[in-house]
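Working through the structure, step by step
The residues making up each chain are set out below.
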2 protein chains.
Amino acid sequence: MPPTACLLIIGNEILSGRTQDANIRFIANGLARSGIALEEVRVIPDKARRIVDTVATCRAMFDHVFTTGGIGPTHDDITAACVAEAVGVPLEIHEESYRKLESYLGKEKFNKARQRMAWLPRGAVPIENTVSIAPGFSIANVHVMAGVPSIMQSMFNALLPTLEGGAPLCSVAWHADLREGTLAEGLEAIQNDFPTLDLGSYPFERADGRKGVSLVAKGYDSDQVAQAGERIRQLIDSLGVTPIEGEPAP
Amino acid sequence: MPPTACLLIIGNEILSGRTQDANIRFIANGLARSGIALEEVRVIPDKARRIVDTVATCRAMFDHVFTTGGIGPTHDDITAACVAEAVGVPLEIHEESYRKLESYLGKEKFNKARQRMAWLPRGAVPIENTVSIAPGFSIANVHVMAGVPSIMQSMFNALLPTLEGGAPLCSVAWHADLREGTLAEGLEAIQNDFPTLDLGSYPFERADGRKGVSLVAKGYDSDQVAQAGERIRQLIDSLGVTPIEGEPAP
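Residues numbered from 1 in each chain as written. Chains lettered and ligands numbered in written order. Predicted model: local features only at pLDDT ≥ 70, side-chain atom pairs only at ≥ 80, totals over all residues. Heavy atoms only, no water.

Each helix and strand counted, chain A has nine helices and twelve strands in total. Each principal axis of the C-alpha atoms in chain A carries an extent, and together these give about 70 × 40 × 30 Å. Taking all 250 residues of chain A together, the buried fraction comes to 55%. Residue pairs in contact within chain A that sit at least 24 positions apart in sequence constitute 70% of those at least 6 positions apart. (Helix = DSSP H or I, 4+ residues; strand = E, 2+ residues; numbered from the N terminus. Buried < 20%, exposed > 50% of the residue type's maximum accessible area, 1.4 Å probe, protein only. Contact = heavy atoms within 4.5 Å.)

Printed below as a string of structure tokens:
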């Protein structure tokens, strides 16, 4: 079984509808390639009690917890303090990060607000931020990253190679001009023959209004995924429709 | 205090990175307009135990639970059965929905797989689906909708006017060519003066690479929001930069 993970998106801006999430899919794809199973995502507000409780709960449930958001210089950037509390260690100045930030920003700009970004939980390992220097960090099984997509991506790309994953998640997709209700019975039979895989069907509508469905087989055993893919192809063919290989959505 | 809500996005396709979420923001915006506070979003896989446990947990924590996904005709469409279990009622044929679907699809197409879509928890109130007829439903404080965005939107628009909300969430936004670290102290002072509002700062980058920040005040008391907005304008002005009113992001 691959290691499991949960992603916490911390920030009021997604919950209020102000901001369209731009981080979940990037992280989901990276974890899938690395053979780490993303089992849950939670979006929670910038409230200390909620962050502490959620981190504590999720780090007991999953092998890894990734967080985005709340590590900047403003009053609502409370993620580092909350993660320290959830893990049970004090928050303190991380000397190396402090020096790096001071030298990057200059003494004058490195005011009290910006110094907050150099406070990490005791024992944390910084995650490099090539965009704006202020680091993310890993402490125990919690990996804390920025919410701004370009900075999060810089951190995630630095972090991911340091984590031990399993075989990558593989998938095969076929799409067909069919409706779900027509192929549901055949698809269930394939699922029953490949109980360790996830077989999913995803209806879509083309720009010209024609409706179709993508059938996807996913799992960590590439041979099984290939066999299930062939069965899906045969199923579509048996229903008198041309199976189209490729990306799940047109 | 406004009623609270949690949104559950049920489906492996977001967790595997296959699909970009297209439902959170639509629902978040609708709830904000209706004065229902979206306090959490969870994305969970198509696994019965996880769905049942999450629905049971969240419906105890929040006034409303909204779900999307898993109510189609295929083997992985298990949301209705899981919600029935979480609420503690049996799943049974909903006669009116059965007749509607049969008459819409015709007897021949209305096979066993498609008949699954007419099984609802006992006592559920259907939510109309003008796109493809198969209904969503409300049972107790759980509101179950489709995952396909066009169908979800049809259901959500039918459902929302039936729920009692509070005053709508109001917000004021100013953006400025400033960095968060420069205004953090001033923003915190405003937050302290308006403890019932959420004040947030959101860095952004323009297409030409110029960096700025959006300062947003949000809350359910429109007078307070307006006053905090004026204080934000004054703060930006006092830092020697022109405050730009309007949409939070450029």
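All names here are of chain A. In this structure, strand 10 (residues 198-205) lies alongside strand 11 (residues 211-219), joined through eight bridges in antiparallel fashion. Following the sheet pairing, E205 is matched in strand 11 by K211. In sequence, strand 10 turns back onto strand 11 through a hairpin of five residues, with G209 there showing a positive phi of about 95°. (Pairing = 2+ DSSP bridges.)

In this section: the pairing of strand 7 (residues 136-139) of chain B. All names here are of chain B. Every second residue of strand 7 is oriented toward a common face, with G136 and S138 on one face and F137 and I139 on the other, all of them buried. In terms of strand pairing, strand 7 meets strand 8 (residues 142-145) through three bridges, oriented antiparallel. When the sheet's bridge partners are listed, I139 is paired in strand 8 with V142. Where strand 7 folds back onto strand 8 in an antiparallel hairpin, the turn is made up of two residues, including A140, whose phi is positive at roughly 50°.

Here helix 8 (residues 180-193) of chain B spans 19 Å end to end across 14 residues, near enough to the 20 Å set by a 1.5 Å rise per residue. Those residues of helix 8 of chain B not exposed but buried are E180, G181, L183, A184, L187, I190 and Q191 of chain B. Those residues of helix 8 of chain B that are buried lie in contact with helix 6 (112-115) of chain A together with strand 10 (198-205), strand 11 (211-219) and helix 9 (222-238) of chain B. (Expected span 1.5 Å × (residues − 1).)

Let us look at helix 4 (residues 79-87) of chain A. Given 3.6 residues to a turn, an α-helix orients residues that are three or four positions apart in the same direction. Residues and elements named next belong to chain A. Burial of helix 4 is extensive: seven of the nine residues sit out of reach of the surface. When helix 4 is considered as a whole, its buried residues turn out to be T79, A80, C82, V83, A84, A86 and V87. G88 sits one or two positions beyond helix 4 and adopts a positive phi of about 90°.

Moving on, we come to the packing of helix 8 (residues 180-193) of chain A against helix 9 (residues 222-238) of chain A. All names here are of chain A. Between helix 8 and helix 9, the shortest axis-to-axis distance is 10 Å and the interhelical angle comes to 160°. The angle between helix 8 and helix 9 places the two elements in the roughly antiparallel class. The crossing of helix 8 and helix 9 is right-handed. Contacts between helix 8 and helix 9 pair L183, G186, L187, A189, I190 and D193 from the former with A228, R231, I232 and L235 from the latter. For the contact of helix 8 with helix 9, the per-class residue count stands at seven nonpolar, one polar and two charged. (Axes fitted to C-alpha atoms, helices over the stretch in contact; angles between N-to-C directions. Parallel < 35°, antiparallel > 145°, perpendicular 65-115°, else oblique. Left-handed = near helix turned anticlockwise from the far one by under 90°. Nonpolar A, V, L, I, M, F, W, Y, C, P; charged D, E, K, R; others polar.)

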